[in-house]
Amino acid sequence: MDIQVADQRPTTRLDCDVLVVGAGAAGVAAATTAARQGLDVVVVERYGFCGGGAVAGLSGTVCGLYEASEDPASKPKQVVFGFADEFVRLLERKGGLTDPVRYGKTFTRVHEPHVWREAGDHMLSAAHVRVFLHTLVTDVLMEGGERVAGVIAATKQGRLDIRSRLTIDASGDADIAAMAGLPTFVGDNGKVQNPTMIFRVMGVDMPRFLAARGPDSIMGDGTVKTIQRLHASGECVLPRSKIFLFETPRPNELLCNATRVIGRDGRELNPILVEDLTEAEIEGRKQVREYERFLRSHVPGCEKVWLADSGVQVGVRQTRQIRGVKTLTSQDIIGKARFDSGIALSPWPVELHSGEKPRLVWLFDDHYEVPYECFVPQRGESLLTAGRCLSAEHEAMASARVTAQCFAYGHAIGHAAAMALHETLAPREVRGSELRALLNRDGARLDG
């Protein structure tokens, strides 16, 4: 039988200066920044809203803004500014962000996902970015075997043929680089950090809960031991014992980062593999109900909670990354490295999620820098990346992947795209030191 691939719907042609694939923190920042430099920018996003992992994955926190300190009485010291700070201020004005919440040795801020979507819409609209939601890239257009010339994307009305002078891969999974056949890698020889199904519960007696929990959103040893006992007895399926419970901008609500989603065979599931992602979604929902029951039975103030929602998708920490001109190393983080081409600061710890308890390696009273070249593919032209698909070693990725830094990466890559197009440069010819100076003029405060 002669089987042919067919789609009789019409194809629509679009042309732009910059195409941004993905409207998470990095994608929104990159698109907004590039458009503010006078470029015609198109964003395509597979979901019906902005936010990426912060919203679809319900990660729920803006991590990476503040330094860590060994002093338990320390106050939040913000070190990341620029676009990240601008977005945070917008969330504040819209009533969608908590004050800083203690997270171990540092602080984070919890956002309201619907307000995040509205803030993303606002930023892109104000910058006159053309946005296409419910749009999935299916193919990459290549010119001469090396230059990314655009993409083919699927929509309900038919395909979009989008031609761009420069493309930014903010997919989170290095999808464009992989489709183009450019060098990529996955985690530590294919092993990634496990995904997590994050959820929210309502009906919390917040005064009682906070009195019992204390100021730290990382639950203490008493909770850890109770979870371990219940899991070992078979009474509950609670594979992760160290859990994080955050108060949110909404009354009587907790954001719960508690599950540990692993495969039936004990593997850390890889969300770019369709069977693994499917298993993670189903297992994640099962674990949410187990932890909901645990909260009601064993956490003061949670006796009457009910499940409000879980992530649209499982929360993803790590998948595919590019091979960049430079690679961020674990030693760069531990050594608090500085670079002439440093375009983002990070004070966030190395946060490795595996086993019953996440492992945290703190950077006290300091930060490291991420160089521009981590976002420039070793091969390929007219392509930059932004977000968590940067070139970074496995443990370095465990620090560099969080939200505030993704905003900073997008801010930098949006400016880099504009520099490349305005000055007729290849992305690898953009000087990181000049980009750093431009970011400082744009409020990033990379030099303090």
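Since the structure is predicted, the reported quantities are computational estimates derived from the model, not experimental observations.

Colleague: Please explain the packing of helix α6 (residues 221–233) against helix α7 (residues 274–298) as it appears in this structure.
Modeller: Packed helices, taken two at a time, are described by their axes: the angle between them and the distance between them. For the pair α6 and α7, interaxial distance at closest approach is 12 Å and the crossing angle is 120°. When the axis of α6 is compared with that of α7, the two are oblique. At the point where α6 passes α7, the crossing takes the right-handed sense. Of the residues in α7, those touching α6 at T223, T226, I227 and L230 are Y291, F294 and H298.

Colleague: Quick question: what am I supposed to make of the sheet that holds strand β12 (residues 244–247) here?
Modeller: Sheet strands line up and pair through hydrogen bonds in the backbone, either parallel or antiparallel. A sheet is described by the order of its strands in space; here four strands give the open sequence β12-β13-β11-β14, paired in antiparallel fashion. One side of each edge strand has no neighbouring strand; the edge strands of this open sheet are β12 and β14 (306–310). For this sheet the average axis-to-axis angle between neighbouring strands, irrespective of direction, equals 30°. Sheet topology note: the strand β11 (residues 199–202)/strand β13 (residues 253–257) ladder contains four bridges and is antiparallel.

Colleague: Even after reading the chapter, I still don't get the packing of helix α1 (residues 25–36) against helix α3 (residues 113–126), so can you show me in this structure?
Modeller: It is the contact of α1 with α3, at a shortest axis distance of 9 Å, that shows an interaxial angle of 20°. Considering their axes alone, α1 and α3 lie roughly parallel with respect to each other. Of the two possible hands of crossing, α1 and α3 adopt the one that is left-handed. The residues of α3 that touch α1, namely those facing A25, V28, A31, T32 and R36, are W116, G120, M123 and L124.

Colleague: For this particular structure, what's the right way to read the state of the cysteines?
Modeller: Per the counting criterion, the structure on display carries zero disulfides. Here C63 is not disulfide-linked; the sulfur of C406 is the nearest cysteine sulfur, at 11 Å. The class of C63 is buried, set by a relative accessible area of 11%. Unpaired in terms of disulfides, C406 finds its nearest cysteine sulfur in C389, a separation of 8.7 Å. Overall, the relative accessible area of 9% leaves C406 in the buried class.

Criteria and cut-off values
Residues numbered from 1 in each chain as written. Predicted model: local features only at pLDDT ≥ 70, side-chain atom pairs only at ≥ 80, totals over all residues. Heavy atoms only, no water. Axes fitted to C-alpha atoms, helices over the stretch in contact; angles between N-to-C directions. Helix = DSSP H or I, 4+ residues; strand = E, 2+ residues; numbered from the N terminus. Parallel < 35°, antiparallel > 145°, perpendicular 65-115°, else oblique. Left-handed = near helix turned anticlockwise from the far one by under 90°. Contact = heavy atoms within 4.5 Å. Pairing = 2+ DSSP bridges. Disulfide = S-S within 2.5 Å. Buried < 20%, exposed > 50% of the residue type's maximum accessible area, 1.4 Å probe, protein only.

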